[in-house]
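Chain by chain, the residues run as shown.
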Protein chains: 4
Amino acid sequence: MRPTLGIGMVGHAFMGRTHSHAWRNVDAVFQPALRPRRVVVAGRDPDRTAAAAERLGWDESTTDWRSLLTRDDVDVVDICTPGDSHAEIAIAALEAGKHVLCEKPLANSVAEAEEMVAAATAARADGVRSMVAFNYRRVPAIALARQLIDDGLLGEVHHIRARYLQDWLLDPEFPLAWRLQKEHAGSGALGDIGAHIIDVAQFLTADTIEGVSAMTHTFVEQRPLPSGADDGLSGTGGEEYGDVTVDDAALFIGRMHSGALASFEATRFAAGAKNDMGIELYGSKGALRFAFEDMNELWIHDATADPATGGFTRVLATEGADPYSGAWYPPGHVLGYDHTFVHEIADFARAIADGTDPHPSFDEALSVQRVLDAVERSASAKGAYELVDS
Amino acid sequence: MRPTLGIGMVGHAFMGRTHSHAWRNVDAVFQPALRPRRVVVAGRDPDRTAAAAERLGWDESTTDWRSLLTRDDVDVVDICTPGDSHAEIAIAALEAGKHVLCEKPLANSVAEAEEMVAAATAARADGVRSMVAFNYRRVPAIALARQLIDDGLLGEVHHIRARYLQDWLLDPEFPLAWRLQKEHAGSGALGDIGAHIIDVAQFLTADTIEGVSAMTHTFVEQRPLPSGADDGLSGTGGEEYGDVTVDDAALFIGRMHSGALASFEATRFAAGAKNDMGIELYGSKGALRFAFEDMNELWIHDATADPATGGFTRVLATEGADPYSGAWYPPGHVLGYDHTFVHEIADFARAIADGTDPHPSFDEALSVQRVLDAVERSASAKGAYELVDS
Amino acid sequence: MRPTLGIGMVGHAFMGRTHSHAWRNVDAVFQPALRPRRVVVAGRDPDRTAAAAERLGWDESTTDWRSLLTRDDVDVVDICTPGDSHAEIAIAALEAGKHVLCEKPLANSVAEAEEMVAAATAARADGVRSMVAFNYRRVPAIALARQLIDDGLLGEVHHIRARYLQDWLLDPEFPLAWRLQKEHAGSGALGDIGAHIIDVAQFLTADTIEGVSAMTHTFVEQRPLPSGADDGLSGTGGEEYGDVTVDDAALFIGRMHSGALASFEATRFAAGAKNDMGIELYGSKGALRFAFEDMNELWIHDATADPATGGFTRVLATEGADPYSGAWYPPGHVLGYDHTFVHEIADFARAIADGTDPHPSFDEALSVQRVLDAVERSASAKGAYELVDS
Amino acid sequence: MRPTLGIGMVGHAFMGRTHSHAWRNVDAVFQPALRPRRVVVAGRDPDRTAAAAERLGWDESTTDWRSLLTRDDVDVVDICTPGDSHAEIAIAALEAGKHVLCEKPLANSVAEAEEMVAAATAARADGVRSMVAFNYRRVPAIALARQLIDDGLLGEVHHIRARYLQDWLLDPEFPLAWRLQKEHAGSGALGDIGAHIIDVAQFLTADTIEGVSAMTHTFVEQRPLPSGADDGLSGTGGEEYGDVTVDDAALFIGRMHSGALASFEATRFAAGAKNDMGIELYGSKGALRFAFEDMNELWIHDATADPATGGFTRVLATEGADPYSGAWYPPGHVLGYDHTFVHEIADFARAIADGTDPHPSFDEALSVQRVLDAVERSASAKGAYELVDS
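**Notes on the overall build of chain A**
Moving on, step 1. The secondary structure content of chain A amounts to nine helices and 17 strands.
Moving on, step 2. The proportion of buried residues among the 390 residues of chain A is 66%.
Moving on, step 3. A separation of at least 24 residues holds for 71% of the contacts in chain A among residues at least 6 apart in sequence.
Moving on, step 4. Put simply, chain A shows about 12,300 Å² of open surface, and 47% of that area lies on carbon and sulfur atoms.
Moving on, step 5. Counting 33 positive and 59 negative side-chain charges, chain A places the averaged centre of each group 3 Å from the other.

As structure tokens, then:
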């Protein structure tokens with residue numbers, strides 16, 4: 001019998017549901033050396049938290065997230081709350097010796113993120129692991145892309161083109177959910193979805209962004225306050241209105257430290273785009289393209305091959321060449337969004353068992369946070385090129 | 001507390017794993033009135049069955065599938081074995097008053113399938129439910145297609161074009177797995193994957209096939225016998241060879257009772273096609289196209305709209321307009337192969353709780369079986385049009 | 001100064017316009033050794049023929065196609081009339097020593113086609129050239145496909161899947177144009193568009209069809225007689241109705257002499273399909289896919305490559321690897337439908353200048369005609385496998 | 001008999017060939033009231049110019065472009081030379097009372113472009129017409145898009161995303177052709193292909209760019225001098241090297257006067273992209289997407305329709321709803337790159353005959369030139385937002 005890995009999760013909305021799915025399934029698919037057990041979920045409202053525990057398969061529920069820190073049967077604290085509580089929970093958990101998986105973006109400010117990194121660094125010395133949930137790294141096609149790039153597919157990278165387009169704010173009467181409030185979410189499209197494409201771009205190139213010229217915009221400046229429960233993503237508005245305090249869209253162009261040029265566009269106002277996260281990389285030897293809505297496909301181009309028969313090849317990333325897809329089904333039996341969380345949690349559990357540091361680390365997430373900061377500085381400075389702090 | 005629904009599953013290979021995934025997740029997503037419990041899994045080899053139980057999350061394992069029939073804590077027998085044992089297990093389970101979910105194809109012959117229908121019919125009188133696992137009906141895009149057709153999207157159907165293309169037998173040294181042996185599998189590509197597209201075509205049109213002209217072929221007539229465990233889908237061959245006794249490919253054209261023309265092609269020799277199940281329907285008022293490798297997309301055409309701006313619309317079936325996708329994630333957060341099994345099992349569990357008959361019933365699966373039979377008769381008769389029995 | 005090649009064209013509707021375009025442009029792009037001159041166009045109606053000559057750039061017009069045969073300044077007779085006049089014109093022209101380019105299908109019956117072949121064979125002895133206008137062979141992507149197949153891309157061919165889907169007859173009030181009348185067109189979708197995919201399948205594989213099981217259907221059995229000029233493809237209907245005497249759709253499955261399985265579907269009732277001619281070939285070593293509506297793209301799969309990064313590669317056939325695209329524009333500057341006719345006519349003019357026999361020859365077109373005949377025989381025999389005569 | 005429109009063309013390389021094609025075909029397809037006659041082509045080298053005249057079908061050739069201005073049989077001067085001679089030729093021609101069609105970009109600097117506009121304005125008073133050859137406006141799908149936008153498809157525009165990706169400079173040994181020399185080409189990717197997407201973005205939205213934050217880059221700073229004739233697009237390099245004085249890539253983000261956000265990326269270093277010009281527009285009521293390599297397709301989204309069946313519709317722009325495609329072939333018979341020039345010239349000839357001013361005018365092209373200037377200013381100012389002059 002394998003030893004268990006006790007999980008305490010904080011938050012049970014969209015991300016809490018998705019993480020629960022991952023904890024529920026990771027063992028059957030990847031059998032990490034430690035067998036995860038869903039011990040306790042923490043939330044604000046006792047009834048809703050208890051109902052979530054029952055539905056999502058957690059043994060217990062609590063309204064006191066701090067209670068997780070003193071339990072012997074909780075080894076991991078999995079943080080699925082809005083960004084404004086990440087720092088407090090993560091630092092406390094790390095100090096209590098709990099491994100931490102934290103949703104992205106790491107924090108709502110660079111200062112908070114730096115404190116979290118400090119806590120993670122201190123805890124690491126005691127064998128306490130920490131990781132940030134940039135799940136798109138665990139799309140099999142993205143993981144395969146990273147392998148191919150490591151093997152030299154691209155050569156010197158010339159261009160990165162990244163986008164994350166959604167349209168769920170198109171309706172001006174959509175309510176002022178917490179994701180539209182700076183004090184809770186830190187920023188809007190920028191931190192919520194822009195952070196993903198920054199991380200993926202940096203992950204794929206094993207490089208970081210040097211600086212950016214940016215522009216942000218809020219198309220709808222006032223929205224009705226939510227009339228009911230606020231899950232951040234849906235709901236209806238009431239009669240009173242409040243100010244939208246985050247960006248609806250963020251565009252930026254920049255340079256990588258390698259010299260590659262990069263463009264990023266994150267928006268919640270691209271009509272018809274549901275979850276159109278995509279990235280293209282063009283290098284001296286090849287290129288690749290990925291679009292999440294067709295997440296099982298990676299398009300690769302070998303620029304060194306005969307142009308007569310060259311082009312972009314649609315690779316269906318279900319062959320097991322990446323670290324994940326082989327654990328599931330035969331080729332062509334495609335995976336979906338929630339599988340990426342199973343992969344993420346498998347890697348996290350494996351790192352804990354192996355005593356290694358999982359990725360993306362808090363440091364890597366801080367690097368994303370600093371890009372967000374540079375974007376906001378540049379946008380405030382009318383596009384002037386702002387260096388990313390390091 | 002909701003009452004439980006005790007599940008006993010027979011078989012733990014590819015389908016057993018996938019059904020286990022579905023039983024594991026259905027409650028968190030769909031919360032049927034009866035809460036499924038994975039009670040016991042039956043297999044041939046005690047060690048491998050015990051290991052599967054541990055991995056897939058079943059409370060117990062057994063090598064005696066008949067023991068399931070007498071257990072009070074087993075309400076459902078879920079049959080995930082090769083086709084040659086379906087009839088025996090299903091009939092015994094139904095007679096024992098257990099609800100039965102049976103993998104497809106229903107049986108290896110029309111005669112067996114008819115006996116199974118008789119058993120299902122008798123059991124139905126006692127409130128015992130039976131269903132066949134044609135999971136492609138539960139792809140959200142397919143379910144949405146059915147709704148749109150019911151609402152009149154197509155008008156009179158003129159053409160059905162269905163395909164199921166795979167390439168896993170391309171290597172002539174791939175072993176003679178049980179799926180290539182008539183006594184275990186009944187037929188080859190025809191019954192394994194052709195059955196799916198027959199069912200989907202009949203499901204979408206709410207019509208049945210009148211008759212067919214067919215052709216089947218075995219490209220590689222002898223293959224090495226499997227050298228190790230035989231899961232039907234993979235493995236390596238030994239030094240001895242045996243005869244392939246099933247088809248590698250089956251092509252047929254036919255007519256629906258409505259008069260629509262239909263073409264079907266199922267093969268395991270389409271190089272580069274991994275799981276390319278697809279269907280196109282063309283009618284007097286519109287058309288639709290679906291391809292499983294992009295399973296979240298349904299392409300629809302409204303032939304009554306202005307041709308200037310008409311065409312095929314890519315509908316991303318994640319909006320919750322179908323019966324399934326709304327239970328998962330926000331729009332654009334795509335689903336995968338295994339979600340179809342969660343949907344299937346949700347519908348099955350719901351039917352048991354509601355006291356209604358789930359679909360596809362054994363009768364519907366018998367209708368597919370009769371098409372398989374007509375295909376084989378026509379292929380033997382050099383393509384002569386053979387009527388499907390009714 | 002290069003010598004001229006005098007052209008006399010018979011017919012000036014859709015194909016006449018397209019051939020005129022080709023004769024007008026071939027010299028600027030391909031500069032054949034003989035410089036084509038558009039000498040005279042023949043038609044039925046003097047005014048409409050004169051107008052066509054003026055518009056399409058022919059020096060003269062006539063209502064007497066036989067007058068072309070005795071003119072010294074006419075070297076080529078280009079036949080763009082409906083199929084019922086092909087044999088008479090072609091045979092007379094060949095006997096008069098004129099090179100002949102004839103639109104497809106070659107004839108309305110095998111008997112006629114055989115007479116035409118006899119005439120072509122006799123004329124060939126005197127250096128008189130003949131060719132049939134199966135223009136899809138001259139799509140750069142198709143020509144490239146043929147080269148790649150010759151170089152071994154596919155290995156042994158297992159499957160051919162060909163389709164030609166249109167929807168212009170969907171409206172039951174579309175008039176009974178000549179293309180719907182057996183005495184003029186020979187057959188319906190079968191000979192008009194089915195002939196193209198038969199030719200392309202035979203061309204690409206350098207093989208011929210052994211036999212077929214077929215089904216044809218006429219969805220709308222009576223249509224209004226055309227109220228005005230009948231170009232075969234458009235117009236409005238009057239008050240009187242007549243019988244549609246050709247097929248609206250033809251489906252057939254068959255075997256190539258090599259043993260490959262093949263399926264074909266030609267229809268004018270596929271709602272939303274405008275000119276969806278497509279072909280897929282699957283072999284032991286690779287595969288390819290082509291769809292005319294994206295005619296600059298050829299999709300190829302190398303089954304011998306690493307499956308981890310394998311898949312279908314989208315080759316944009318504008319690199320000049322085929323015999324045609326290099327004469328036009330830089331890579332990526334895509335070509336269209338009418339370019340295929342320029343290519344066809346360039347090859348034809350080149351063959352005349354070189355004293356070689358152009359392809360497809362009348363013999364090759366007869367082979368297509370015999371497939372059409374076998375399809376009709378099989379359809380009459382309820383799908384029984386009918387051998388193609390040879 | 002219609003009166004003729006005598007054409008004198010200056011330059012006979014890539015654009016000269018393409019314009020010749022258009023002048024050769026426009027009459028057969030669009031029959032403008034004035035019948036174009038290819039009178040004379042001017043070039044530098046007498047032999048090469050004479051050969052081009054013969055090949056491309058011009059009556060005469062000359063090495064003195066000024067001789068065109070005094071000929072009575074020349075009504076139009078068509079300028080197909082590099083940008084450094086546009087101003088001189090265009091102004092002289094306009095002053096001589098000749099209608100002028102000028103290739104893009106209009107000039108190599110704003111100052112030159114302003115002089116050209118002044119000359120065009122003066123000439124316009126005398127009925128002399130002028131137009132700039134931004135041919136992408138004449139892609140049927142783009143023209144259709146403009147109509148749909150005029151009809152309200154988009155509502156208020158939120159986002160424009162435009163790209164023009166090529167890869168022909170990827171090889172560092174590609175020679176230093178004139179397109180890489182600032183004194184001849186004005187700029188690199190920016191003016192050559194960036195100008196196209198600026199024009200299309202402004203055309204489609206009937207709006208102009210207010211300001212930009214930009215970044216340009218030259219990846220390969222020295223290249224071999226061309227060893228032979230320099231057509232600007234191909235050739236081989238010699239042993240000596242020279243400095244590349246233009247950008248290889250230009251990225252910029254900006255705002256339209258309407259408030260819409262816009263991003264642009266033009267590069268000759270996107271491996272695998274041949275002529276990937278594309279634009280996406282997202283508005284409050286709908287969206288559209290276009291990619292030139294699939295130039296017959298326009299993708300439109302109606303955000304006001306039922307989301308259950310909504311999405312992007314692939315409109316095949318061959319139905320004749322746009323001003324061009326109906327003149328060619330039946331639906332689905334796709335057009336190519338050179339058809340856009342036929343359309344452009346048809347509109348130009350029509351405007352001359354009608355006595356109206358064709359578009360894009362020199363003023364509109366000046367507006368593009370001013371954007372190019374703002375991009376260069378911003379790039380020099382490290383991305384600071386620079387207003388476009390007006």
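**A few points about the packing of helix H1 (residues 14-30) of chain A against helix H1 (residues 14-30) of chain B**
Moving on, step 1. Relative orientation of the contacting elements H1 of chain A and H1 of chain B amounts to 170°, with a least axis distance of 11 Å. Judged on the interaxial angle alone, H1 of chain B and H1 of chain A are roughly antiparallel. The residues of H1 of chain B that touch H1 of chain A, namely those facing His 21, Arg 24, Asn 25 and Ala 28 of chain A, are His 21, Arg 24, Asn 25 and Ala 28 of chain B.
Moving on, step 2. Class assignment of the residues belonging to the contact of H1 of chain A with H1 of chain B gives a composition of two nonpolar, four polar and two charged.

**Describing the interface of chain B and chain C**
A common way to state how big an interface is: give the accessible area lost once the parts meet.
Moving on, step 1. Contacts between the two partners involve 44 residues from chain B, matched on the other side by 44 residues from chain C.
Moving on, step 2. Here chain B meets chain C over a buried area of about 3,400 Å², counting both sides, of which 64% is carbon and sulfur.
Moving on, step 3. Of all residues in chain B, Arg 161, Met 215 and Ile 253 of chain B give up the largest surface area on contact with chain C, accounting jointly for 18% of the area buried on that side.
Moving on, step 4. Between Arg 289 of chain B and Asp 276 of chain C there is a salt bridge; the shortest N-O distance is 3.7 Å.

**Some details on the sheet that holds strand E2 (residues 35-42) of chain A**
Either a parallel or an antiparallel arrangement is found when strands of a sheet pair, and the pairing is made through backbone hydrogen bonds.
Residues and elements named next belong to chain A.
Moving on, step 1. Sheet architecture is open: six strands sit in the order E3-E2-E1-E4-E5-E6, paired in parallel fashion. A single partner strand is all that each edge strand has here, and the edge strands are strand E3 (60-62) and strand E6 (130-132). Geometrically, the sheet is characterised by an average inter-axis angle of 25° between neighbouring strands, direction not taken into account.
Moving on, step 2. Relative to strand E5 (residues 99-102), strand E4 (residues 76-79) is paired through four bridges, and the arrangement is parallel.

**So, the environment of Thr 62 of chain A**
Residues and elements named next belong to chain A.
Moving on, step 1. Of note, Thr 62 is situated in strand E3.
Moving on, step 2. Relative accessible area serves as the criterion here: at 16%, Thr 62 is assigned to the buried category.
Moving on, step 3. Separated by 12 residues in sequence, Thr 62 and Ala 50 place their C-alpha atoms 7.6 Å apart.
Moving on, step 4. Setting aside residues no more than four positions away along its own chain, Thr 62 makes contact with Val 40, Val 41, Ala 42, Gly 43, Thr 49, Ser 67 and Leu 68.
Moving on, step 5. Polar side-chain contacts of Thr 62 include one of 2.9 Å to the backbone nitrogen of Asp 64.

**Some thoughts on the relation of the copies chain B and chain C**
Moving on, step 1. Least-squares fitting of chain B to chain C yields an RMSD of 0.0 Å, with the transformation described by 0.0 Å of translation along the axis and a rotation of 180°. Taken together, the rotation angle and the small translation identify this as a two-fold axis. Measuring from the rotation axis to each C-alpha of chain B, the shortest distance belongs to Ala 384 of chain B, at 2.1 Å.
Moving on, step 2. A share of 100% of the interface residues of chain B reappears at the interface of chain C, consistent with the copies meeting face to face through the same patch.

**As for the pattern of salt bridges**
Moving on, step 1. This structure, assessed with the given rule, holds 126 salt bridges over all chains.
Moving on, step 2. One salt bridge connects Arg 2 of chain B with Asp 27 of chain B, and the closest N-O pair in it is separated by 2.7 Å. Taken together, the positions of Arg 2 of chain B in the segment before strand E1 (4-10) and Asp 27 of chain B in helix H1 put the pair 25 residues apart, joining distant regions of the chain.
Moving on, step 3. Judged by its relative accessible area of 22%, Arg 2 of chain B is partly exposed.
Moving on, step 4. Salt-bridge contacts for Arg 377 of chain C lead to Asp 373 of chain C; the nearest nitrogen and oxygen are separated by 3.0 Å.

**Notes on the side chain of Ser 263 of chain C**
Moving on, step 1. Along the polypeptide, Ser 263 of chain C turns up in strand E12 (residues 261-267).
Moving on, step 2. Within the structure, the side chain of Ser 263 of chain C is placed 2.9 Å from the side chain of Glu 265 of chain B, a separation counted as a polar contact.
Moving on, step 3. Not counting the four nearest positions on each side in its chain, Ser 263 of chain C is found in contact with Leu 251 and Glu 265 of chain B together with Ile 160, Arg 161, Ala 162, Phe 252 and Ile 253 of chain C.

**Focus on the state of the cysteines**
All names here are of chain B.
Moving on, step 1. For the structure shown, the criterion picks out zero disulfides over all chains.
Moving on, step 2. Cysteine Cys 80 shares no disulfide, and the gap to the nearest cysteine sulfur, in Cys 102, comes to 8.7 Å.
Moving on, step 3. You can call Cys 80 buried: its relative accessible area is 9%.

**What to know about helix H7 (residues 189-205) of chain B**
All names here are of chain B.
Moving on, step 1. Between its first and last C-alpha atoms H7 spans 23 Å; for 17 residues at 1.5 Å apiece the expected length is 24 Å, and the two agree.
Moving on, step 2. The largest bend along H7 measures about 40° and falls at Ala 195.
Moving on, step 3. Counting buried positions along H7 gives 17 out of 17 residues, so the element sits mostly inside the fold.

**Details of the pairing of strand E13 (residues 276-283) of chain C**
All names here are of chain C.
Moving on, step 1. Buried residues dominate E13, accounting for eight of its eight residues.
Moving on, step 2. Going residue by residue along E13, you find Asp 276, Gly 278, Glu 280 and Tyr 282 tucked away on one face and Met 277, Ile 279, Leu 281 and Gly 283 tucked away on the opposite face as well.
Moving on, step 3. In this structure, strand E7 (residues 157-165) lies alongside E13, joined through eight bridges in antiparallel fashion. In the strand pairing of E13, His 159 is matched with Tyr 282.
Moving on, step 4. By the bridge criterion, five bridges tie E13 to strand E14 (residues 286-291) in an arrangement that is antiparallel. Bridge assignment links Ile 279 to a residue of E14, and that residue is Phe 290.
Moving on, step 5. Linkage of E13 to E14, two consecutive antiparallel strands, is achieved through a turn of two residues.

Definitions and limits used
Residues numbered from 1 in each chain as written. Chains lettered and ligands numbered in written order. Predicted model: local features only at pLDDT ≥ 70, side-chain atom pairs only at ≥ 80, totals over all residues. Heavy atoms only, no water. Helix = DSSP H or I, 4+ residues; strand = E, 2+ residues; numbered from the N terminus. Buried < 20%, exposed > 50% of the residue type's maximum accessible area, 1.4 Å probe, protein only. Contact = heavy atoms within 4.5 Å. Areas by Shrake-Rupley, 256 points an atom, 1.4 Å probe, with all protein chains shown as cover. Lys, Arg positive; Asp, Glu negative; His and termini not counted. Charge placed at Lys NZ, Arg CZ, Asp CG, Glu CD. Axes fitted to C-alpha atoms, helices over the stretch in contact; angles between N-to-C directions. Parallel < 35°, antiparallel > 145°, perpendicular 65-115°, else oblique. Nonpolar A, V, L, I, M, F, W, Y, C, P; charged D, E, K, R; others polar. Buried area = accessible area lost by both parts, 1.4 Å probe. Salt bridge = Lys/Arg side-chain N within 4 Å of Asp/Glu carboxyl O. Pairing = 2+ DSSP bridges. Polar contact = N/O pair within 3.5 Å; in protein donor to acceptor, adjacent residues only side chain to side chain. Least-squares fit on C-alpha atoms with pLDDT ≥ 70 in both. Disulfide = S-S within 2.5 Å. Expected span 1.5 Å × (residues − 1). Bend = angle between axes of the 7 residues up to and from the residue.

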